[in-house]
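What follows is each chain in one-letter form.
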Amino acid sequence: MPAEVHRTQATKAAKPAAGAARPEPASPRTDPASPLTERQEARRRRILQACTQLAVRGGFDAVQMREVAESSQVALGTLYRYFPSKIHLLVATMQDQLEHLHATLSKKPPAGETPAERVAETLMRAFRALQREPHLADAMVRALTFADRSVSPEVDQVSRLTTRIILDAMELTDPTPDQLAAVRVIEHTWHSTLITWLSGRASIAQVRVDIETVCRLMDLTAAPGAGTPGTPGTVDTDRVD
């Protein structure tokens, strides 16, 4: 994998390509929680679209910061102020894809009768969307896998959005600790199934079985008395037969 140019080096050496916008004066790195101006949001949208197009065509290796800058018509130094590395950019692209999914699910929510069925349907819809663009899916998943602590805010945004999508599928606004723990396990399993499928080690049928199996945790946490030792719906670890 080609090494990324260090942010400060890129800022000093970057020269706008022909037709590219000049760098923003005193434009700080965009924090996930910071509000953007209309102009900044439009620029960020162009960057994400350029990244997506490159990843769709060639996957992780095809996303090079200089090419993203040229395609989105921003200076390379400006791009690095928005996204300090390719990993930051691809994780943000994953968040963008999940936001589109969330909007689609809001218009057409899952129709399963139980929380487990609705969550499984939701995750399989997300999986099918990624399946249509395997190079993009591989690039985003690899970025999440490679992300270090410097990308924690962006990764946290992806995790929070995934949690929100799952809780919405459950039609749950006030989850218990047990339910949140189950959501975390479901997220881990979904990520793992993506990796095994992308590497060719799991079929779509196996992915579905794994997702449907782990989603049954939601029904267990919703059972009467769940989370209270010694009551139906839980395992009493203190009991010895």
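For the structure itself, consult the block above.
Quantities reported herein were computed from a predicted structural model and do not represent experimental measurements. (Residues numbered from 1 in each chain as written. Predicted model: local features only at pLDDT ≥ 70, side-chain atom pairs only at ≥ 80, totals over all residues. Heavy atoms only, no water.)

A. Inspection of empty space enclosed by the protein at higher detail. Using the criterion set out here, one finds 1 cavity of 30 Å³ or more in the structure. For the largest cavity, the calculated volume is near 40 Å³. In terms of lining, the largest cavity is formed by Leu98, Leu101, Leu123, Ala126, Thr162, Ile165, Ile166 and Trp190. Mapped onto the lining of the largest cavity, the elements with two or more residues apiece are α5 (86-107), α6 (115-132) and α8 (152-170). Looking at the lining of the largest cavity, the element that brings in the most residues is α8, giving 3 residues. Grouping the constituent residues of the lining of the largest cavity by class yields 7 nonpolar, 1 polar and no charged. (1 Å grid on protein atoms, 1.4 Å probe; cavity = no way out; pocket = protein on both sides within 12 Å on 5 of 7 lines; lining within 4 Å. Points joined across faces, edges and corners; volume = space filled by probe spheres on them. Helix = DSSP H or I, 4+ residues; strand = E, 2+ residues; numbered from the N terminus. Nonpolar A, V, L, I, M, F, W, Y, C, P; charged D, E, K, R; others polar.)

B. Here's a closer look at the nonpolar core. Leu79, Leu89, Val119, Trp190 and Cys215 are the most contacted members of the largest nonpolar core, which has 62 residues in total. Setting aside its immediate chain neighbours within four residues, Val119 contacts Ile166, Ala169, Met170, Ile186, Cys215 and Met218. (Core = buried A, V, L, I, M, F, W, Y, C linked by side-chain atoms within 4.5 Å. Buried < 20%, exposed > 50% of the residue type's maximum accessible area, 1.4 Å probe, protein only. Contact = heavy atoms within 4.5 Å.)

C. Region of interest: the packing of aromatic side chains. Taken as a whole and assessed by the stated rule, the structure comprises 2 aromatic pairs. With 5.7 Å between their ring centres and 85 degrees between their planes, Phe60 and Phe146 make a pair best called edge-to-face. Remark: Phe146 occurs in helix α7 (residues 134-146) and Phe60 occurs in the loop between α2 (38-58) and α3 (65-72); sequence separation between them is 86 residues. Given the relative accessible area of 43%, Phe146 is considered partly exposed. Between the aromatic rings of Phe127 and Trp197, the centroid separation amounts to 5.1 Å while the plane-to-plane angle is 65 degrees, which identifies the pairing as edge-to-face. (Phe/Tyr/Trp six-rings, centres within 6.5 Å; stacked < 30°, edge-to-face > 60°.)

D. Region of the structure containing the pattern of salt bridges. Enumeration according to the criterion identifies 6 salt bridges in this entry. Between Glu121 and Arg125 there is a salt bridge, with the nearest N and O atoms lying 3.7 Å from each other. Here Glu121 pairs with Arg125, and both are found in helix α6, just 4 residues apart, close to one helical turn. Looking at Glu121, the relative accessible area reads 28%, which means it is partly exposed. Asp168 is the salt-bridge partner of Arg164, the closest N and O atoms lying 3.1 Å from each other. (Salt bridge = Lys/Arg side-chain N within 4 Å of Asp/Glu carboxyl O.)

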